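# Commentary on secondary and tertiary structure
Residues per chain, in single letters:
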Amino acid sequence: MNTNSDGFVIFEKIDKSYDGEVLVVRNLNLNITKGEFVTMLGPSGSGKTTTLMMLAGFETPTNGEIFLDGKPISKIPPYEREIGMVFQNYALFPHMTVQENLSFPLEVRKLSKSEVEDKVKKALDMVELGEFGTRFPAQLSGGQQQRVALARALVFEPRLVLMDEPLGALDKNLREQMQYEIKHIHERIGITVVYVTHDQSEALTMSNRIAVFNDGVVQQLSTPDILYEKPENSFVAEFIGENNTMTGTVKEINGEFCNVDLDSGGSVKALKINVNSIGDKTKLSVRPERVTIGTKDSNVNQFEGQVEELIYLGDHIRARLNTCGSKDFIVKIPNEGDLNIKESSKIKISWDPSDIRALDYSQ
Amino acid sequence: MEDIISTTDQILTTDGLPLKVSLRKTERKNKIRAFLLVFPLLLFIIVTFVVPIGDMLLRSVDDSQINNVYAKTFEEYNKWDSENDELPPEAVYEAIFNDIHYGDKVQVGKALTRMNYSKSGWKSLIKKTRRAIKKIVKSGELPTSYKETMISIHEGWGDRLFWVSMKQMVNEKTVIYYWNAIDRTYDIDGNVIMQDEKRRMYIKTWIRTFKVSVYVTFFCLLLGFPVAHLLANLPLRYSNLLMIFVLLPFWTSLLVRTTAWIVMLQQKGVINGVLVWLGIINDDQRIQMVYNMTGTIIAMTQILLPFMILPLYSVMKVIPKSHMRAAQNLGAKPVRAFIRVYLPQTVPGMSAGGLLVFVLAIGYFITPELVGGKDGQLIGHWIAYHLKTTLNWGLCAAIGSILLAIMLVLYWLYNKIVGIDNIKLG
């Protein structure tokens, strides 16, 4: 989160409050490079949509300044910002045909008729809706409406495109298909995209970088793999992907690693990420797929658990264990065709110290 | 199973019954139950709506009363060769002699009014004749020539014009009331002509009714649009309060509200008083705002305003706020965004409200009657007048039917232009 000045979009010390009592966004510093696909991910009420609205110009920051291409934009009205936006429910104008919807931003900019026609056609072809120009939005399916909204946000060649949960209204299959489509369009035309969603798989699929929001604060801003592999705090660890959590107290710190005494008994050697000193409470986080059945050579991080439930999922089997103070300790066992674990039997599990992270004890 | 299907050419249930029969059987009970549920409402609509309107439509063209009174006369009258003979034959005179004498007094009296619509003078002619006939019959000497006797009673019976005017009455159906409702009547030969100058009042009133309705609709739209917009966009807490203000007039008696307007608008009223007190006008320049068209328009606008606001509100409420944002995001300034994106989406509400207000205004009675004075009265005034004072129900029915027809035409136009599926009444 460095505030170097060559970012394309820069949020600098942004605070936002609606009522003067609660800060919806707190000290937001964000730097987006040109051509990047940045996703703001977070639970509802975390301030991500407010941030997007401030960028679009529909909300005013209570403090701080937003820079776009080096210029402060707080005083520029939304209609002069040249920022395209795809709204949550598309906000297609129902009384205009698809073509009219698309030519609206061009006519406002007083482009010549032939130019308008040309650009509308190009935009429609881009989203593969060439023949649907004369239809009204109500005559299109949800996915098609979504594409029209996308085409409309891009047709006037904005400097930046914002998307506010654009796929929220679509069913699962279509949503996945659209994720790829948006991603490919982004790659093809190289426009900067700021995307808001609460769906982590969507964020992981599409983004160059993800900003995880909680409580008005960016918890972590990294690429999808780092966010998943190396969460910096317990919120990110729990919010992104599946996660087994244990609580304990730091006993010993050894360079990169630390030893933690679990509240439920036993000791764990873990990566020291977000703990400061001996005696701190900590949350330990390990991904279900990093837990192995059976013991390893080294005798660290070995536990015994009772199998509460086995769920067959084809490519892998989910085992819910009662161990380490949790009844919902999940282990993903790859389906290698020779599983001989029964429910309510006891099994041994272990994991590598570099796969478990000692994080803050905030929640 | 398959060969059964191929021979009978219809689908059968597993038990061998034709599917359609089986379906009908199972559905019958539901249908009966559904019908019984709506039956009271259906009955209510028939009794309170279909029957009265049907009756009105029939009455507006009905001329059967006079045909019952002069049944015999009209039968003979139709045989008269009016092209060649100056006066009808003896048989007609005899028939009318008997019809007048033996006819029920009340019925004959009623028929007189009708006869006078066709030619003035019938009333006195028949009345005088009736008295004379009574004497003749009493004396027991029936006339040898009815024709001569009657002409001797009143020379009108020898006037061809009276006899010709009877031609308009012999049909059981007539459109004379419709012609009357637009200041026209038949001349003696049955041609449609304008009424006498001093009897022309309907066209004037129709035009005034239209004018007032258009003004009221326009002002309602002008005043209602911002209110509806505010209602749709305020936070719930405030919009509920505002909604109560909008509905408050609904809960106040129409008479009270109308009278309040008189208090406000009259020459010694509140508004004039304030204007004089502020020195804007002199005491002798008080503005006449009531008992004229201005008063009618002001009071009716206030009373009909909710009918404009509610449909508008219901339409505006479902226009997503993101539309205005999207339009601005796409580069349109707020005014342009409003005109291009918001306004077109309110058309169903504007037209529904407009239609509702216009239709209500065109038939409005109490308010214009109270605050309208002479130049603020609408067509409803004449319906009430003829209903209560002259008892010319045929004319009332004709005016009512014309109002109904106007409404249907408006509805048809609305459907053509906006589409009835788009109507949003709340």
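Residues numbered from 1 in each chain as written. Chains lettered and ligands numbered in written order. Predicted model: local features only at pLDDT ≥ 70, side-chain atom pairs only at ≥ 80, totals over all residues. Heavy atoms only, no water.

Next up on the list: the overall build of chain B. Assigned secondary structure in chain B consists of 21 helices and two strands. Seen through its principal axes, chain B has C-alpha atoms that stretch 100 × 100 × 35 Å. Each of the 426 residues in chain B was classed as buried or not, and the buried ones make up 41%. When the accessible surface of chain B is summed, it comes to about 24,300 Å², and 64% of that surface belongs to carbon and sulfur atoms. When the 47 basic and 33 acidic side-chain charges of chain B are each reduced to a single mean position, those positions are 14 Å apart. (Helix = DSSP H or I, 4+ residues; strand = E, 2+ residues; numbered from the N terminus. Buried < 20%, exposed > 50% of the residue type's maximum accessible area, 1.4 Å probe, protein only. Areas by Shrake-Rupley, 256 points an atom, 1.4 Å probe, with all protein chains shown as cover. Lys, Arg positive; Asp, Glu negative; His and termini not counted. Charge placed at Lys NZ, Arg CZ, Asp CG, Glu CD.)

Listed per partner, the contact involves 22 residues of chain A and 17 residues of chain B. Roughly 1,900 Å² of surface becomes buried between chain A and chain B when both sides are summed, with 64% attributable to carbon and sulfur atoms. Area buried by chain A at its contact with chain B is led by F58, Y79 and F104 of chain A, which between them contribute 31% of it. Linking chain A to chain B there are five residue pairs in polar contact (both at pLDDT 80 or more). Of all elements in the fold, only β6 (83-86) and α2 (98-108) of chain A reach the threshold of two or more residues within the side of chain A that touches chain B. Of all the elements, α2 of chain A adds the most residues to the side of chain A that touches chain B, at four residues. A per-class count over the side of chain A that touches chain B returns 16 nonpolar, two polar and four charged. (Contact = heavy atoms within 4.5 Å. Buried area = accessible area lost by both parts, 1.4 Å probe. Polar contact = N/O pair within 3.5 Å; in protein donor to acceptor, adjacent residues only side chain to side chain. Nonpolar A, V, L, I, M, F, W, Y, C, P; charged D, E, K, R; others polar.)

Right, let's get into helix α2 (residues 19-61) of chain B. Taking 1.5 Å of rise per residue, the 43 residues of α2 of chain B would be expected to cover 63 Å, yet its terminal C-alpha atoms sit only 51 Å apart, more than 12% below that figure. At V38 of chain B, α2 of chain B shows its strongest bend, of approximately 40°, with the proline P40 of chain B following within four residues. (Expected span 1.5 Å × (residues − 1). Bend = angle between axes of the 7 residues up to and from the residue.)

Attention shifts here to the sheet that holds strand β13 (residues 267-272) of chain A. Residues and elements named next belong to chain A. The strand order around the closed barrel formed by five strands is β11-β12-β13-β20-β14, and the pairing between neighbours is mixed. The mean inter-strand angle of the sheet, taken between neighbouring strand axes irrespective of direction, is 50°. Two strands pair when backbone bridges link them, and strand β11 (residues 244-254) and strand β14 (residues 281-286) are joined in this way by six bridges, in the antiparallel orientation. Residue pairing in the sheet places T249 in a bridge with K281 of β14. (Pairing = 2+ DSSP bridges. Axes fitted to C-alpha atoms, helices over the stretch in contact; angles between N-to-C directions.)

We now examine the domain arrangement of chain B. Residues and elements named next belong to chain B. Here chain B is described as being made up of domain 1 (2-61), domain 2 (65-199) and domain 3 (202-422). Every contact between the two is made by eight residues of domain 2 and, on the other side, 11 residues of domain 3. Counting each side, the surface lost to burial between domain 2 and domain 3 is near 850 Å², with a carbon and sulfur contribution of 64%. Per-residue buried area on domain 2 facing domain 3 is highest for Y177, Y178 and A181; these three make up 53% of the total on that side. The tally of links from domain 2 across to domain 3 stands at five residue pairs in polar contact (both at pLDDT 80 or more). Among the elements that make up the side of domain 2 that touches domain 3, the one with the highest residue count is helix α10 (residues 176-181) (four residues). (Domains from an automatic or database assignment.)

Let us now look at the sheet that holds strand β19 (residues 346-350) of chain A. All names here are of chain A. Across the sheet, which stays open at both edges, the five strands sit in the order β15-β19-β16-β17-β18 with antiparallel pairing between neighbours. Each edge of the open sheet carries a strand with a single partner, namely β15 (292-293) and β18 (326-334). As judged from the two bridges shared by β15 and β19, these two strands associate in the antiparallel manner. Residue pairing for β19: T292 is matched across the bridge by S350.

This next bit is on the packing of aromatic side chains. Tallied over the entire structure, the rule returns 23 aromatic pairs over all chains. Here F93 of chain A and F104 of chain A contribute two aromatic rings whose centre-to-centre distance is 5.4 Å and whose plane-to-plane angle is 80°, an arrangement assigned as edge-to-face. Here F93 of chain A, found in the loop between β6 and α2, pairs with F104 of chain A, found in helix α2; they are 11 residues apart in sequence, far enough to count as distant. With respect to burial, F93 of chain A and F104 of chain A carry one shared label: buried. A cation over an aromatic ring shows up here: R152 of chain A above the ring of F93 of chain A, its NZ or CZ 4.5 Å from the ring centre. In this structure, K119 of chain B packs its charged tip against the face of F162 of chain B, placed 4.8 Å from the ring centre. (Phe/Tyr/Trp six-rings, centres within 6.5 Å; stacked < 30°, edge-to-face > 60°. Lys NZ or Arg CZ within 6 Å of the ring centre and 35° of its normal.)

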